[in-house]
Amino acid sequence: MFVLVLIAVIAGALAQRIAGLGFGLLVSPVLVVLLGPFDGVMIVNLCGATSSLLILSRVWRHVAWKKYFGLALAALAGVLPGAWLASNVPEAPLQICIGVLLLIALLASQRLTRSSWRASGPVPMASLGFSSGLMNAAAGVGGPAITAYAIATRWEQKSFSATLQPYFITTGFTSLLTKYVLSGGHVPALEGWQWLAILAAMVAGIAAGDLLAGRVRPASARRIVTIIAYLGAVATLAKGLVELAAA
């Protein structure tokens, strides 16, 4: 089981380096199914933020700091209700909720891709930033809502990808800390060597992404991430429904 966790972490870090996002989309469904929704999402929050921290130095000069601050402030408002949901909703309903949220976010992102409509102003930034923060804390998947904002505003890919790194650092560590406090100090029950193995898998994924970054088109990487995310969302939803039916 833990080998699958490491494979998911490597794939997520690789996608994060190439496309700017994808860690939560790839890793969250796997960890939720294997470790449960609360522990799984806590690990996704920690690893996603750490992965972005490792990537940030490589993309620093392309970060759009004004957009980062606007989106981060909106996202932080959504972290608390998302963390409350993760801490108080029973496991099976939470898995169903995570699966449904993922599917809705993915479908909305794809619909916006095919639309000619262009958003502007503070309302899309505030609403989608809030949604991203809530989903990041509850499900470990803040990327789809921010991707929807990037698509709707026609945000240039290189700047978008770079700006996501400080954004995910902020939302990931804030979500982790908030859930730690609301759960009374709960920490995922992993051994020391397992934490080190997860860190090594992250570094390996980022290193592989460095090698492939110039060869794989970000659009292609996003397509692959989206397909896997759909599969993961369906698996998470199905597991929650089965456990709810068996209860």
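Residues numbered from 1 in each chain as written. Predicted model: local features only at pLDDT ≥ 70, side-chain atom pairs only at ≥ 80, totals over all residues. Heavy atoms only, no water.

A.B. asks: Give a description of the overall build of the chain that names residues and reports values.
C.D. replies: Counting its secondary structure elements, the chain contains ten helices and zero strands. Mapped from its N terminus to its C terminus, the chain presents α and β elements in the order α-α-α-α-α-α-α-α-α-α. Its C-alpha atoms give the chain a radius of gyration of 17 Å, within 12% of the compact-globule value 18 Å for 247 residues. Out of the 247 residues belonging to the chain, those deemed buried represent 52%. (Helix = DSSP H or I, 4+ residues; strand = E, 2+ residues; numbered from the N terminus. Rg over C-alpha atoms; globule rule 2.2 N^0.38 Å. Buried < 20%, exposed > 50% of the residue type's maximum accessible area, 1.4 Å probe, protein only.)

A.B. asks: Outline the nonpolar core, supporting the account with residue identities and numerical values.
C.D. replies: If you look at the biggest cluster of nonpolar residues, it comprises 24 residues, and the most contacted ones within it are Val-9, Phe-23, Val-27 and Ile-198. At the level of elements, helix H1 (2–19), helix H2 (23–35), helix H3 (37–59), helix H8 (157–182) and helix H9 (192–212) are the ones that each hand at least two residues to this core. Leaving out residues up to four positions away in the same chain, Ile-198 has contacts with Phe-2, Val-5, Leu-6, Val-9, Ile-43, Cys-47 and Leu-190. Counting residues in hydrophobic clusters, the runner-up holds 16 residues, among them Tyr-68, Leu-71, Ala-75 and Trp-155. (Core = buried A, V, L, I, M, F, W, Y, C linked by side-chain atoms within 4.5 Å. Contact = heavy atoms within 4.5 Å.)

A.B. asks: Residue-level account of the side chain of Thr-178, with values.
C.D. replies: As for its placement among the helices and strands, Thr-178 is situated in helix H8. For Thr-178, a relative accessible area of 17% corresponds to the buried category. Each residue touching Thr-178, except ones within four places of it in the same chain, is listed here: Val-79, Leu-80 and Ala-83.

A.B. asks: Just give me the short version of the pattern of salt bridges, but keep the residues and values in it.
C.D. replies: Note that side chains of opposite charge can pair when their charged atoms are close. Counted according to the given criterion, the structure contains two salt bridges. In this structure, Asp-210 and Arg-17 form a salt bridge, with 2.5 Å as the shortest nitrogen-oxygen distance. Note that Asp-210 is positioned in helix H9 and Arg-17 in helix H1, a separation of 193 residues in sequence. For Asp-210, a relative accessible area of 30% gives the class partly exposed. When its relative accessible area of 16% is taken as the criterion, Arg-17 is described as buried. Salt-bridge contacts for Arg-58 lead to Asp-210; the nearest nitrogen and oxygen are separated by 2.9 Å. Taken together, the residues Arg-58 in helix H3 and Asp-210 in helix H9 connect sequence positions 152 residues apart. Its relative accessible area of 35% is what places Arg-58 among the partly exposed residues. Several salt bridges share partner residues, and in doing so they unite Arg-17, Arg-58 and Asp-210 into one network. (Salt bridge = Lys/Arg side-chain N within 4 Å of Asp/Glu carboxyl O.)

A.B. asks: Please give an account of the UniProt feature "transmembrane region" (unreviewed entry) in the chain that cites residues and values.
C.D. replies: With numbering matched to this structure, UniProt assigns "transmembrane region" (unreviewed entry) to residues 31–56, 68–86, 92–109, 194–212 and 224–242. Secondary structure content for residues 31–56 is 96% helix and 0% strand, and the end C-alpha separation is 24 Å. (UniProt positions renumbered as here; feature names shortened; annotations may be inferred.)

A.B. asks: Explain a nonpolar patch on the surface to me, using residue names and the numbers behind them.
C.D. replies: A cluster of nonpolar side chains, contributed by Leu-54, Leu-196, Leu-199 and Val-203, occupies part of the molecular surface with about 340 Å² of accessible area. Relative to the assigned elements, Leu-54 resides in helix H3. (Patch = residues over 30% accessible without salt bridge, like charges linked within 9 Å, V, L, I, M, F, W, Y side chains within 5 Å. Areas by Shrake-Rupley, 256 points an atom, 1.4 Å probe, with all protein chains shown as cover.)

A.B. asks: Kindly report on the environment of Gly-205, identifying the contributing residues and their values.
C.D. replies: Mapping Gly-205 onto the fold places it in helix H9. Looking at Gly-205, the relative accessible area reads 0%, which means it is buried. With 143 residues separating them along the chain, Gly-205 and His-62 place their C-alpha atoms 22 Å apart.

A.B. asks: Tell me about H9, and name the residues and values.
C.D. replies: With 21 residues, H9 extends 31 Å from end C-alpha to end C-alpha; this agrees with the ideal 30 Å at 1.5 Å per step. Looking at H9, one finds that the buried residues are Gln-194, Ile-198, Ala-201, Met-202, Gly-205, Ile-206 and Gly-209. The arc that holds the buried residues of H9, viewed along the axis, is 130°, so those residues lie on one side. Turned more than 90 degrees off the buried face of H9, the exposed positions are Trp-193, Leu-196 and Leu-211. At its buried positions, H9 is contacted by H1, H2 and H3. (Expected span 1.5 Å × (residues − 1). Arc of directions from axis to C-beta.)

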